[in-house]
Amino acid sequence: MFEYLPTPTLLLDQDRTTRNIRQMQAVCDAHDVELWPHMKTHKMLEVARLQLEAGAKGLVCAKLGEAEAMLPSSVRRIFIAYSLVDPLQAPRLRHLAASLDELILACTSEAHAEALETLLATADLKLPVLMAVDTGQHREGARGLEGAMRLAACIQRQPHLELHGLYTHEGHAYGTANGNTQEVAATTHKQLLTLRDRLDSTLSIWPGCSVTAKELATMPGVTALRPGAYVFGDLSLAATQNIMQWDDVAVTILATVVDRPEPGLALIDAGSKTFSGDKTAAGLSGSFYDQRAIHITRCSEEHGFATGPQVDELRIGERVRVVPAHICPAVNLADEVTVICNDQVVDTWRVAARGKVQ
Ligand SMILES: Cc1ncc(COP(=O)(O)O)c(C=O)c1O
């Protein structure tokens, strides 16, 4: 299969991508919840357009450079869910705000509120902000109810910040045992609503993670959801968490078997420079799409170590498709993806925001 393609390359199945986009949009529409997909997963204008055409209200980005790269998609609303602090970014921020109908920023702590105020004052912009709340991932966000009350009050004192709502990334859901996502969704929901009711009942509520998104869409009071990885899926979503079907995985890594140095081990031409260093909770970099029991258990830069039953039957030169552990950093390592439809190559899409980390 695909013997004529140079490898490694990322194969993007267009029908599956569209199906994943429509499914998530349908769940959000059915519950009157806005969908703001995180573009970090795909970083491609073509995919952003599919999401927006399906009904996404806006896009979420982490970095300013990602937001700038998405402008040609005709996106009109962007939420930058990241702690922006650098006053040198003021001119770029002004330009971005002028290019959109709505630009929302994140405020992630009291210390950050002051830095953000300086940035916005330098840019001469007053913008809506969503306040980060830590619901268990222990990265950015106010700690505990009292910490959140203090952060809200701090935001309200800043002349260039307008408190719009509460957001969280409940990414710790990836670490829960298979089947416990309902519990993480319920706890996240409770934490956000309790805080909102203490602060101001008009504040909007924005949780965001592919593991919990469909569950949270059904819960009262949720304004918007910000899943990212759902658009393509990966080993974490389709195997570890089991919240996506294997047949819904839309991007695989096409690689070539380059050696079989000893019984029980095959080497493929995709290593950490293709998969990234991310692994599943079980320590896997990937699993073969067509032979699910064959796993990439180790990577060096340009080699993936394939182990499992049937590896000794693999032929040198054979093409294999691998589902990566974590799709987002894998896409960010590629200049472009090969688009397929019914197993035929139909296009090549550029990863427009690749490496836009500034
Ligand atoms: C702030 C924020 N929002 C949303 C997401 C999307 O999460 P996922 O890719 O699990 O859907 C992420 C992922 O890292 C994130 O950091």
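Residues numbered from 1 in each chain as written. Predicted model: local features only at pLDDT ≥ 70, side-chain atom pairs only at ≥ 80, totals over all residues. Heavy atoms only, no water.

1. Observations regarding the layout of surface pockets
At step 1: Estimates place the volume of the largest pocket at around 810 Å³.
At step 2: Elements that contribute at least two residues to the lining of the largest pocket include exactly helix H9 (235–240) and helix H11 (327–332).
At step 3: Looking at the lining of the largest pocket residue by residue, the class counts come to 11 nonpolar, 13 polar and nine charged.
At step 4: Of the domains in this structure, domain 1 (14–231) and domain 2 (242–350) are the two that each give at least three residues to the lining of the largest pocket. (1 Å grid on protein atoms, 1.4 Å probe; cavity = no way out; pocket = protein on both sides within 12 Å on 5 of 7 lines; lining within 4 Å. Points joined across faces, edges and corners; volume = space filled by probe spheres on them. Helix = DSSP H or I, 4+ residues; strand = E, 2+ residues; numbered from the N terminus. Nonpolar A, V, L, I, M, F, W, Y, C, P; charged D, E, K, R; others polar. Domains from an automatic or database assignment.)

2. Observations concerning empty space enclosed by the protein
At step 1: Scanning the entire structure with this criterion turns up one cavity of 30 Å³ or more.
At step 2: Considering only enclosed or pocket space, the largest cavity measures out at about 50 Å³ in volume.
At step 3: Contributing to the lining of the largest cavity are Ala132, Val133, Asp134, Thr135, Gln137, Glu140, Tyr167, Thr168 and His169.
At step 4: Classifying every residue of the lining of the largest cavity gives three nonpolar, four polar and two charged.

3. Regarding helix H7 (residues 181–199)
At step 1: Between its terminal C-alpha atoms H7 stretches 27 Å, which fits the 27 Å expected from 19 residues at 1.5 Å a residue.
At step 2: Elements in contact with the buried residues of H7: strand E6 (127–132), helix H6 (144–157), strand E7 (161–167), strand E8 (204–206) and helix H8 (213–217). (Expected span 1.5 Å × (residues − 1). Contact = heavy atoms within 4.5 Å.)

4. Observations regarding the packing of helix H4 (residues 90–99) against helix H5 (residues 110–123)
At step 1: Packing of H4 against H5 brings their axes to within 8 Å, and their N-to-C directions diverge by 70 degrees. If you check the angle between H4 and H5, you find them roughly perpendicular. When H4 is examined against H5, the residues Ala90, Leu93 and Arg94 are found in contact with a partner set consisting of Leu119, Leu120, Thr122 and Ala123.
At step 2: Along the lines of polarity and charge, the residues of the contact of H4 with H5 split into five nonpolar, one polar and one charged. (Axes fitted to C-alpha atoms, helices over the stretch in contact; angles between N-to-C directions. Parallel < 35°, antiparallel > 145°, perpendicular 65-115°, else oblique.)

5. Re the domain arrangement of the protein chain
At step 1: Per the domain assignment, the segments of the protein chain are domain 1 (14–231) and domain 2 (242–350).
At step 2: Taking only C-alpha atoms into account, the centre of domain 1 sits 31 Å from that of domain 2.
At step 3: Facing 21 residues of domain 1, the contacting portion of domain 2 comprises 22 residues.
At step 4: Here domain 1 packs against domain 2, burying approximately 1,700 Å² in sum over the two surfaces, 55% of which is carbon and sulfur.
At step 5: Area buried by domain 1 at its contact with domain 2 is led by Gln14, Arg16 and Met44, which between them contribute 33% of it.
At step 6: Applying the counting criterion to the domain 1 and domain 2 interface returns one salt bridge.
At step 7: A salt bridge links Arg19 to Asp248; the shortest N-O distance between them is 2.8 Å.
At step 8: For the interface between domain 1 and domain 2, the tally reads eight residue pairs in polar contact (both at pLDDT 80 or more).
At step 9: For the side of domain 1 that touches domain 2, the secondary structure elements donating two or more residues are helix H1 (14–30) and helix H2 (45–54).
At step 10: The element best represented in the side of domain 1 that touches domain 2 is H1, accounting for seven residues.
At step 11: In terms of residue class, the side of domain 1 that touches domain 2 is built from seven nonpolar, eight polar and six charged. (Buried area = accessible area lost by both parts, 1.4 Å probe. Salt bridge = Lys/Arg side-chain N within 4 Å of Asp/Glu carboxyl O. Polar contact = N/O pair within 3.5 Å; in protein donor to acceptor, adjacent residues only side chain to side chain.)

6. Thoughts on the side chain of Thr17
At step 1: Within the secondary structure layout, Thr17 lies in helix H1.
At step 2: Judged by its relative accessible area of 1%, Thr17 falls in the buried class.
At step 3: A polar contact of 2.8 Å, which involves the side chain of Thr17, links it to the backbone oxygen of Asp13.
At step 4: Apart from residues lying up to four places away in sequence, Thr17 is in contact with Leu12, Val47, Val231, Phe232 and Ala250. (Buried < 20%, exposed > 50% of the residue type's maximum accessible area, 1.4 Å probe, protein only.)

7. Let's talk about unusual backbone geometry
At step 1: The linkage connecting Thr7 with the following residue, Pro8, adopts the cis geometry, with an omega of -5 degrees.
At step 2: Looking at the secondary structure, you find Pro8 in the segment before strand E1 (9–13).
At step 3: Positive phi, normally seen in glycine, also occurs at Ser74, with a value near 75 degrees.
At step 4: For Ser74, the location among the structural elements is in the loop between helix H3 (64–70) and strand E4 (77–80).
At step 5: Unlike most non-glycine residues, His138 shows phi in positive territory, near 60 degrees.
At step 6: Mapping His138 onto the fold places it in the loop between E6 and H6.
At step 7: Take His138: its relative accessible area is 57%, and that puts it in the exposed class.

8. Regarding the packing of H1 against H2
Helix-helix packing is described using two parameters, namely the angle between the two axes and the distance between the axes.
At step 1: Contact pair H1 / H2: the axes reach a minimum separation of 10 Å and the direction vectors enclose 35 degrees. Taken as a pair, H1 and H2 cross one another with a handedness that is right-handed. Contacts between H1 and H2 involve Thr17, Thr18, Ile21 and Gln25 from the former and Val47, Leu50, Gln51 and Ala54 from the latter.
At step 2: In the contact of H1 with H2, the residues fall into four nonpolar, four polar and no charged. (Left-handed = near helix turned anticlockwise from the far one by under 90°.)

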